[in-house]
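Tertiary structure, described
Residues per chain are reported as follows:
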Amino acid sequence: MNKIFRTALIVCMLLVNGCSKFVTWDEFALKQTRYDGAELKINGYYYKLGEDGRYQSCYCFYKNGVLLNMGGYKSSISEVDEYIKQRFILRDFCYSNKPCWGIFVITGRKIQFEHYYITDQLVKASYIREGRILNDSTFHITVSYRSDGSERGDENEYYHFRKFEKPDSTNVFLGKPN
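Cut-offs and rules
Residues numbered from 1 in each chain as written. Predicted model: local features only at pLDDT ≥ 70, side-chain atom pairs only at ≥ 80, totals over all residues. Heavy atoms only, no water. Helix = DSSP H or I, 4+ residues; strand = E, 2+ residues; numbered from the N terminus. Buried < 20%, exposed > 50% of the residue type's maximum accessible area, 1.4 Å probe, protein only. Pairing = 2+ DSSP bridges. Core = buried A, V, L, I, M, F, W, Y, C linked by side-chain atoms within 4.5 Å. Contact = heavy atoms within 4.5 Å. Phe/Tyr/Trp six-rings, centres within 6.5 Å; stacked < 30°, edge-to-face > 60°. Salt bridge = Lys/Arg side-chain N within 4 Å of Asp/Glu carboxyl O.

1. Focus on unusual backbone geometry
- Here serine 57, not a glycine, exhibits a phi torsion of approximately 50 degrees, which is positive.
- Along the polypeptide, serine 57 turns up in strand β3 (residues 55–61).

If you want it as structure tokens, here you go:
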């Protein structure tokens, strides 16, 4: 029995490892461009408050046009700070984690950003979120769509700025760090 279990485990591990060759990642539609503007502060992170009052969907934006998607679902802003510090600053969690990284573009008062949403095991879909910058510390996302145009949905999400130490933007997928 033990030998059968061990053999099955080895076969499963080989299959999982071999299946990574079949994973497809959407190409980003947005083009990475340097951001030197003043429309939006980038010396901290942005978060949205969910309908349940929890802090979620945290993003950092960098001068090189890269964004870091940190996720998050916390009860207080101090919990968000600690989460970012422990997971992204002290532990370099995202350096080689492709779904954490994306691209953003600001044109006038319009903001667009694109990153991966893990929709299934073999397809890693890229979505663009788009909206309007209300002031230098708040933006409103009004639409989300798949970069290949196959899906589209309306959104109503407000993101707010919090000045905080940002994780390093070094990653193995996009641009040079700032």
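Okay, back to it.
2. Overview of the pairing of β3
- Most of β3 is tucked away: seven of the seven residues are buried.
- For strand β2 (residues 44–49) and β3, the ladder comprises three bridges, and the chain directions are antiparallel. By the bridge assignment, tyrosine 46 is partnered in β3 with tyrosine 59.
- In this structure, the hairpin formed by β2 and β3 is closed by a connection of five residues, where glycine 53 is found at a positive phi of approximately 85 degrees.
- The sheet contact formed by β3 and strand β4 (residues 66–74) spans six bridges and is antiparallel.

3. Details of the pairing of strand β8 (residues 138–146)
- Taken across its nine residues, β8 has eight buried, putting it largely inside the fold.
- Linkage of strand β7 (residues 123–135) to β8, two consecutive antiparallel strands, is achieved through a turn of two residues.
- Here β8 pairs with strand β9 (residues 152–163) via seven bridges, running antiparallel. Across the sheet, histidine 140 pairs through a bridge with tyrosine 158, a residue of β9.
- Hairpin connection from β8 to β9: five residues lie between these consecutive antiparallel strands, with glycine 149 at a positive phi of about 85 degrees.

4. Quick notes on the nonpolar core
- Ranked by size, the top nonpolar core spans 16 residues in total, and within it Leu40, Phe61, Ile111, Phe113 and Phe139 carry the most contacts.
- Only β3, β5 (101–107), β6 (110–118), β8 and β9 provide two or more residues apiece to this core.
- When near neighbours in sequence (up to four residues on either side) are disregarded, phenylalanine 61 contacts Ile42, Tyr46, Val66, Leu67, Phe104, Ile111, Phe113, Phe139 and Lys166.
- Core analysis: the next-biggest nonpolar cluster, separate from the first, contains 15 residues, Tyr47, Leu68, Val80 and Tyr83 among them.

5. Things to note about the packing of aromatic side chains
- Evaluation of the coordinates by the stated rule reveals 16 aromatic pairs.
- Judged by centre distance (5.2 Å) and plane angle (55 degrees), the rings of tyrosine 47 and tyrosine 55 are tilted. For the residue pair tyrosine 47 and tyrosine 55, the accessibility class agrees, reading buried in each case.
- Among the aromatic residues, those joined into a cluster by ring pairs are Tyr35, Tyr46, Tyr59, Phe61, Phe104, Phe113, Phe139, Tyr159 and Phe161.

6. Quick look at the environment of lysine 41
- Tracing the chain through its elements places lysine 41 in the loop between β1 (24–25) and β2.
- Overall, the relative accessible area of 35% leaves lysine 41 in the partly exposed class.
- Linking lysine 41 and asparagine 135, residues 94 residues apart in sequence, is a C-alpha distance of 9.3 Å.
- Non-local contacts of lysine 41, meaning those with residues more than four positions away in its chain, are made with Tyr46, Asp136, Ser137 and Phe161.

7. Things to note about the pattern of salt bridges
- Counting across every chain of the model gives five salt bridges.
- Among the salt bridges present, the one from arginine 146 reaches aspartate 148, with a minimum N-O distance of 3.8 Å.
- On the basis of relative accessible area, aspartate 148 is assigned to the partly exposed category, the value being 48%.
- Put simply, Lys48, Arg129 and Glu157 are held in one network by salt bridges that share partners.

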